[in-house]
Amino acid sequence: MDDIPSNNKITPKTCIRTGSQYLDGLKDSREIWIHGKRVKDVTKEDGLQRCAESLASFIDKQHHPKFIDDITYVDEDGDRCGLAFKIPKSKQDIKDKGKSYYEWAKWSNGYFGRTPDYKNASVMAFAAGSKFLEKGTKGQGGKVMAENMINYYNYVKKNDKVLTHTLVNPTYNHQQGYKGKFSEKVALQVVKETDAGVIVNGARLLATLGPLSDEIEVFPSTVLKATPDNVPFAFAFAIPIATEGLKLICRDSYDTGQSNFDAPLSSRYEEMDAVVIFENVLVPWERIFMYGEPELCNPAFSETNAVVHMMHQVACGKLAKSEFMVGLMCSIAQASGRDKDLHTKGLIVEVMKMAETVRALLFSAEEQAHEDQYGNFIPLRSPLETSRNLYPVMYPRMIEILQILGASSLMALPSESDFSNEISLDVERYFQLSNLDSKNRVALFRLAHDVAISGFGSRQSLYERYFFGPPALMASGYYDLYSKDELIGRIDSLINNK
Ligand SMILES: Cc1cc2nc3c(=O)[nH]c(=O)nc-3n(C[C@H](O)[C@H](O)[C@H](O)COP(=O)(O)OP(=O)(O)OC[C@H]3O[C@@H](n4cnc5c(N)ncnc54)[C@H](O)[C@@H]3O)c2cc1C
């Protein structure tokens, strides 16, 4: 009774971590390679450190009175957890989750693609749809592997872990790849079974935020042909990043140490991508959720509805990102009075329509949320599929429009220190615009530079094209899912006078 406050409200136990708890958790034995050397401490490493700090600041926001009720919830045990973990039981739950995803995304204006709610939504869905995993017959058998998934969900939820995932085998030969086969030379595969678990060897790509995550999900690629020779490539498991034999090779960092003024996005949100190498890694049985069954692995994201929940989180992020692009372009247009120009308005309206398309699709998906085969709720899939197929086309067009609007101003820019050195008077004078003083103009266009042409910005474009998989495969899935029969019937009726 002593624990119950006088107002009779039980204070929930907090499972959400603080930023410093997250940062402390990254100081482990993980093997991360960047710029030709092994990293001692990712929280201190140039090119990684400032992104870790940004994520820590987001994690802290979970505790802020302004956000706490929108982005966390009290679970069935009375513990406060991230809202992405909540298994939705109503349309309102779906809308609440959408609001929470959008809030997380707004903190970086959509430029931190891998806020933890993305993977949390997926883990939640795999646990909520764990009946599907029960169909497994190999390994420990489906029942146990489904329990493994639920246990893992509870572990991640109650410890507020940050996850990355790696789903794709490196391509050795595209013709082989298109046939749904992988190369033993490079692809991640099971090489041995032991009492403790399985030993895996090979590589996977890619793990965005991998060096700054606690755990990695190694889930199935969605194009594994169901043949016996593909059995060693078929599995789903999750292990800590600090696992013996696990090695992450980072690309170059686009955070080159510039100030927040000079590089407003790359100095903050440089979520690293890494190729993941497994060298005789032991995966314990209790961390395996599917095993040795390509036919089970292939539809898993779809059948558990994990893909629907992930697309929901993504669409909320893309809305925040599109709104940011509209704001940026309008600011640029206003700065020099071009906001009265018909051509400029027309270009920006193109981006406004993209933002409103994403908003409408999101609204449509949430409003038509429905119960799924497991008795939980999901947003309507088709509008979210449309959004995820459109964005790889829309975002590069937004960048093209920004380049047209910004022209040389996107790169002909002094740096922050030029406002306090011996050329400061020149800089104050020659960089002003009719509606913006020099310093604010340089700040605005440096932001546009980081979006449109910096290394960080170019990687963002590549990310939007590919992070959800090859566009050709996404389009193929879209075609297959689309309700076509009635439409084909209309053509049939017309040409056959029915
Ligand atoms: C910035 C970034 C971050 C990423 N983060 C992650 C992550 O965190 N986790 C993760 O698992 N993955 C991640 N990815 C990887 C992403 O899943 C892959 O890039 C994507 O699946 C494409 O695979 P690939 O890069 O090997 O290209 P390839 O498969 O080599 O594709 C090259 C080209 O071939 C086309 N193509 C591929 N397959 C077919 C086919 N069957 N038929 C016709 N054309 C085809 C593609 O459309 C593309 O144009 C990320 C990618 C990027 C760029």
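Rules behind the numbers
- Residues numbered from 1 in each chain as written.
- Predicted model: local features only at pLDDT ≥ 70, side-chain atom pairs only at ≥ 80, totals over all residues.
- Heavy atoms only, no water.
- Helix = DSSP H or I, 4+ residues; strand = E, 2+ residues; numbered from the N terminus.
- Rg over C-alpha atoms; globule rule 2.2 N^0.38 Å.
- Buried < 20%, exposed > 50% of the residue type's maximum accessible area, 1.4 Å probe, protein only.
- Near = heavy atom within 4 Å.
- Polar contact = N/O pair within 3.5 Å; in protein donor to acceptor, adjacent residues only side chain to side chain.
- Areas by Shrake-Rupley, 256 points an atom, 1.4 Å probe, with all protein chains shown as cover.
- Nonpolar A, V, L, I, M, F, W, Y, C, P; charged D, E, K, R; others polar.
- Pairing = 2+ DSSP bridges.
- Core = buried A, V, L, I, M, F, W, Y, C linked by side-chain atoms within 4.5 Å.
- Domains from an automatic or database assignment.
- Contact = heavy atoms within 4.5 Å.

Student: Explain the overall build of the protein chain here, please?
Tutor: A tally of regular secondary structure across the protein chain gives 18 helices and 15 strands. For 498 residues, the compact-globule estimate of 2.2 N^0.38 gives 23 Å, and the protein chain sits close to it at 24 Å. Taken along its principal axes, the extent of the C-alpha atoms in the protein chain is 75 × 75 × 60 Å. A burial count over the protein chain gives 53% of its 498 residues as buried.

Student: Would you explain the site of the ligand in this entry?
Tutor: Looking at the ligand, there are 21 residues lining it, with Arg114, Leu167, His174, Leu206 and Thr208 nearest. Histidine 165 is positioned with one of its backbone polar atoms (N or O) 3.0 Å from a nitrogen atom of the ligand. Protein chains bury 75% of the 960 Å² of accessible surface belonging to the ligand in isolation. Counting residues per element, the ones that place at least two in the shell around the ligand are strand 6 (163–166), helix 8 (174–178), strand 8 (197–208), helix 16 (455–466) and helix 17 (471–481). Its residues assigned to classes, the shell around the ligand shows 13 nonpolar, five polar and three charged.

Student: Is there a simple way to explain the sheet that holds strand 1 (residues 13–14) in this structure?
Tutor: Strands in a sheet are paired, the pairing made by backbone hydrogen bonds, and the direction either parallel or antiparallel. Here three strands make up an open sheet; going across it, the order is 1-5-4 and the pairing mixed. Every interior strand has two partners, whereas the edge strands, strand 1 and strand 4 (72–74), have only one. Here strand 4 runs beside strand 5 (residues 79–82); their pairing, made up of three bridges, is antiparallel. Residue pairing across strands places valine 74 opposite arginine 80, the latter belonging to strand 5.

Student: Hey, could you run me through the sheet that holds strand 2 (residues 31–34) in this one?
Tutor: The mixed open sheet is built from six strands, whose spatial order is 3-2-11-12-8-7. Single-partner strands in this sheet number two, and they are strand 3 (37–38) and strand 7 (189–193). Pairing analysis gives two bridges linking strand 2 to strand 3, with the strands arranged antiparallel. Across the sheet, isoleucine 34 pairs through a bridge with lysine 37, a residue of strand 3.

Student: Sorry if this is basic, but what is going on with the nonpolar core here?
Tutor: Nonpolar side chains in soluble globular proteins tend to be buried together. Counting 138 residues, the largest nonpolar core has Phe237, Phe278, Met325 and Val451 as the members making the most contacts within it. With 17 residues, helix 11 (residues 306–335) is the largest single contributor of residues to this core. Three or more residues apiece are contributed to this core by two domains, here domain 1 (11–304) and domain 2 (305–495). Apart from the residues within four sequence positions on either side, phenylalanine 237 is in contact with Leu188, Val200, Ile216, Glu217, Val218, Phe219, Phe278, Val283, Arg287, Ile288 and Phe289.

Student: Could you clarify how one ought to interpret the pairing of strand 6 in this entry?
Tutor: Along any regular strand the residues' side chains alternate between the sheet's two faces. Burial along strand 6 is two-sided: Leu163 and His165 facing one way and Thr164 and Thr166 facing the other are all buried. Judged from the four bridges that link them, strand 6 and strand 9 (residues 215–218) form a sheet pairing that is parallel. Bridged to leucine 163 within strand 9 is glutamate 215.

Don't take any of this as a statement about function, it's just geometry.
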